[in-house]
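Here are the chains, one letter per residue:
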Amino acid sequence: MSVSARIAGRHLDLRIEAGPGEVLAVLGPNGAGKSSLLQVIAGLLVPDDGHVRLGERTLTDTAEGIALPPHRRGVSLLAQDPLLFPHLSVRDNVAFGPRSRGANTRTSREIAEYWLSAVDAKEFADRHPGGLSGGQSQRVALARALAVDPDLLLLDEPMSALDVDVAPAMRTLLRRVLRDEPGRAHPRCAVLVTHDIIDAITLADRLVVLEAGRIVESGPVAEVMAHPRNPFAARIAGLNLLRGTGVESALQTGPVAERGGLLTGAGEPQAPRTHPGDPAPALGTVLVDDLGVDGCVVGDFLPGARAAAVFAPAAVSVFRSRPGGSPRNVFTVDITEITDRGGIVRVRGDAPQAPGLCADLTPAAVAQLHLTTGIQVYFAVKATEVRVYAC
């Protein structure tokens, strides 16, 4: 699949591609252009300039005046609302697509039975949508979307309206359907729009992050989540992100010896290594205004170029007075929010050069430190817990 779309009125200008059998997750804040992208692919919206190609077929090409209607695209859309026909049985809902494409009644019903079985909804075949739960309705909607054998499946927040105890089962079902389709000559491609990083992690191969109608992050899911370059991507990955200019680090790694599976030098634990004897990691600094953040270099890192520093909230220590001792990154923070995250307390605060920094602590640590909103504390993170890379 290849999509290029520019829509001036929606400030959309992007290009994406997905290979055969690939699941592409699209994330971004509200208004980023996710829905517009799906509408362009589905044929519900024609861009000012651009194209949509699926395999050897051209679905949209503004230069050539091509704009196939939705029902001729070989594309199915599964949205938040199942939108089942209330007057038809579940079986007839799923059979509707094949029947409208010319299949006879018997063939349409056989196709419906197959897909209802595939999504574990065969027992609902004789019911009407009014008698189904939200999770059951969404399974039927998935069967209906697949019954027309689309080459591309568009998934628009398919789990957002489901109860938290139903969503995991739906993810498992989607993964099975998307990954294990025996007998299909051409692997099915899918585009998944979601706000939930769990959807992307469990279902997608690659991840695209949109912001203001532009692509700001793109790559394999694990890579983008480990090394985000955009605040939204960092937020959904659960990481602190600081962006600035790369400079050479003044820290020295010093002699290195192995202790407890970690490299240690200059009194500080260093980055984990695979084999004893590996060299100490290179250190770099990201200059954020007048604040230098030291960390271990990952991939490309050029002094003078844009760079990012990333670290996990769990790596942050919190102090009531400024810590001394061995080298570390220290931020003066005003606490703005304290929230429970299922047994872990997240402390969020604003530093002059770094608003929205987070630290994850145990409830006991929060109580011992007497932390409350509005007070000033110090967040500290060791350089070996920070990753710095080109941004």
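Residues numbered from 1 in each chain as written. Predicted model: local features only at pLDDT ≥ 70, side-chain atom pairs only at ≥ 80, totals over all residues. Heavy atoms only, no water.

A. Inspection of the layout of surface pockets at higher detail. Of the pockets and cavities examined, the largest pocket occupies roughly 660 Å³. The wall of the largest pocket is formed by 23 residues, among which Val75, Ser76, Leu77, Arg144 and Ala145 lie closest to the centre. Contributing elements (two or more residues each) for the lining of the largest pocket: strand E7 (75-78), helix H2 (90-100) and helix H4 (134-146). In terms of residue class, the lining of the largest pocket is made up of 15 nonpolar, five polar and three charged. Here the second largest pocket defines a volume of roughly 370 Å³. Along its surface, the second largest pocket is lined by 19 residues, and Pro231, Arg235, Leu239, Leu241 and Gly356 are the ones closest to its centre. Those elements that place two or more of their residues in the lining of the second largest pocket are helix H8 (231-237), strand E12 (240-248), strand E21 (345-351) and strand E22 (354-361). Here the element with the most residues in the lining of the second largest pocket is E22; it accounts for five residues. A class-by-class count of the residues in the lining of the second largest pocket yields 10 nonpolar, four polar and five charged. (1 Å grid on protein atoms, 1.4 Å probe; cavity = no way out; pocket = protein on both sides within 12 Å on 5 of 7 lines; lining within 4 Å. Points joined across faces, edges and corners; volume = space filled by probe spheres on them. Helix = DSSP H or I, 4+ residues; strand = E, 2+ residues; numbered from the N terminus. Nonpolar A, V, L, I, M, F, W, Y, C, P; charged D, E, K, R; others polar.)

B. Examining the packing of aromatic side chains more closely. In this structure the tally under the stated criterion is three aromatic pairs. Centre to centre, the rings of Phe311 and Phe331 are 6.0 Å apart; their planes meet at 20°, and the pair counts as stacked. Highlighted residues: Phe311 in strand E18 (residues 306-311) and Phe331 in strand E20 (residues 329-340), separated in sequence by 20 residues. With a relative accessible area of 3%, Phe311 lands in the buried category. Judged by relative accessible area, Phe331 falls into the buried class, the value being 3%. (Phe/Tyr/Trp six-rings, centres within 6.5 Å; stacked < 30°, edge-to-face > 60°. Buried < 20%, exposed > 50% of the residue type's maximum accessible area, 1.4 Å probe, protein only.)

C. Representation of the pattern of salt bridges within the structure. In this structure the tally under the stated criterion is 14 salt bridges. The salt bridge involving Arg6 is made with Asp49; its shortest N-O contact spans 2.4 Å. With Arg6 in strand E1 (residues 2-7) and Asp49 in strand E4 (residues 49-54), the pair connects residues that are 43 residues apart, well separated along the chain. Owing to a relative accessible area of 31%, Arg6 belongs among the partly exposed residues under this scheme. A salt bridge links Asp126 to Arg91, with the shortest nitrogen-to-oxygen separation between them at 2.6 Å. With Asp126 in the loop between helix H3 (105-118) and H4 and Arg91 in helix H2, the pair connects residues that are 35 residues apart, well separated along the chain. Judged by relative accessible area, Asp126 falls into the exposed class, the value being 61%. Classification of Arg91 as buried rests on a relative accessible area of 14%. Here the salt bridges share partners, and the residues they tie into one network are Arg91, Glu113 and Asp126. (Salt bridge = Lys/Arg side-chain N within 4 Å of Asp/Glu carboxyl O.)

D. Expanded view of the sheet that holds strand E23 (residues 376-381). Taking strand neighbours across the sheet as the criterion, the five strands line up as E19-E23-E20-E21-E22 in an open arrangement whose pairing is antiparallel. Each of the sheet's edge strands pairs with one partner strand only, and the pair in question is strand E19 (317-319) and E22. The sheet shows a mean angle of 45° between the axes of neighbouring strands, taken without regard to direction. In the sheet, E19 pairs with E23 via three bridges, with the strands oriented antiparallel. Of the residues in E23, the one forming a bridge with Val318 is Phe379. (Pairing = 2+ DSSP bridges. Axes fitted to C-alpha atoms, helices over the stretch in contact; angles between N-to-C directions.)

E. H4, seen in detail. For H4, which comprises 13 residues, the first-to-last C-alpha distance of 19 Å matches the rise-based estimate of 18 Å (1.5 Å per residue) to within 8%. Summarising burial for H4: 11 of the 13 residues are buried, a large majority. All of the buried residues in H4 are Gly135, Gln136, Ser137, Gln138, Val140, Ala141, Leu142, Ala143, Arg144, Ala145 and Leu146. (Expected span 1.5 Å × (residues − 1).)

F. Focus on the pairing of strand E16 (residues 283-288). Most of E16 sits inside the fold, with five of its six residues counted as buried. Sheet analysis places E12 next to E16, joined by four bridges and oriented antiparallel. Paired with Gly246 across the bridge in E16 is Val286.

G. A look at the pairing of E1. Counting buried residues along E1, five of its six residues qualify, which places the element largely inside the surrounding structure. Judged from the five bridges that link them, E1 and E4 form a sheet pairing that is antiparallel. The residue of E4 that forms the bridge with Ser2 is Arg53. Sheet topology places E1 next to strand E2 (residues 12-17); six bridges connect them, and they run antiparallel. Within E2, the position partnered with Arg6 by the bridge is Asp13. Hairpin connection from E1 to E2: four residues lie between these consecutive antiparallel strands, with His11 at a positive phi of about 55°.

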